[in-house]
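Descriptive structure summary
If you want the building blocks of each chain, they are given just below.
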Amino acid sequence: MNKILLSGLLILSTGLAFADGHSSAEKTVLTNLNAYWDARNSKKWDMVVAMSSSTGMLNTNSDGSFHKPKKVLSAQDWEDQNAGGGVINVHGAEASQLNDTTVYVRYYAEGVVADGNGGMRPYRTRVTGVWVKEDSNWVVKTTHFSSAAYGGTHQTVQADFED
């Protein structure tokens, strides 16, 4: 009887140890995801490139355009396409490890981006993506941005980021 009770407690305690539901790969990718967006927000384009797949990325933007072709972007490419600036924050990030070298992520990205006329406009989107393990590093391979309507909630404005 004691062996059965002890076995049951062991199984239960093992389940509690993994109760957060995240593998070490998932935790690393979630950390890298935040570092990736911090690098983009602070215009550290070399870091953005280092955290992107060396074989190219597959992306879909939230502007309604078609899927983008696989492309390897340089730091200069990132700087050129982000000339207007902005700040994007990650919310509600989740990660699911698919296999030893692949982690699927989904999250909301919200902030302000350049409007093309020298000003800023609010931005909110849903993002799904795939991070892959290249060598010993987890890097972003693909992202799919899907516009998220505001639905009566607060729309971020530039003043939200000012003191």
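Residues numbered from 1 in each chain as written. Predicted model: local features only at pLDDT ≥ 70, side-chain atom pairs only at ≥ 80, totals over all residues. Heavy atoms only, no water.

Once that is clear, we can look at the environment of Ser 24. Here Ser 24 is to be found in helix α2 (residues 24-41). Separated by 73 residues in the primary sequence, Ser 24 and Gln 97 place their C-alpha atoms 9.4 Å from one another. (Helix = DSSP H or I, 4+ residues; strand = E, 2+ residues; numbered from the N terminus.)

With that settled, the discussion passes to the environment of Asp 135. By the element assignment, Asp 135 lies in the loop between β4 (120-134) and β5 (137-147). Note on Asp 135: relative accessible area 79%, which makes it exposed. The spatial distance from the C-alpha of Asp 135 to the C-alpha of Thr 101 is 9.8 Å, given a sequence separation of 34 residues. (Buried < 20%, exposed > 50% of the residue type's maximum accessible area, 1.4 Å probe, protein only.)

Moving on, we get to the packing of aromatic side chains. Applying the stated criterion to the full structure yields four aromatic pairs. Put simply, the rings of Tyr 36, Trp 37, Trp 131 and Phe 145 pair up and form one aromatic cluster. (Phe/Tyr/Trp six-rings, centres within 6.5 Å; stacked < 30°, edge-to-face > 60°.)

On to the confidence of the model for the protein, then. Per-residue confidence for the protein averages 85 on the pLDDT scale, and 82% of its residues sit at or above 70. Predicted confidence is poor over residues 13-18, with pLDDT under 50, and the contacts of this stretch with residues over four places away or in other chains come to zero contacts. (pLDDT = per-residue confidence, 0-100. Contact = heavy atoms within 4.5 Å.)

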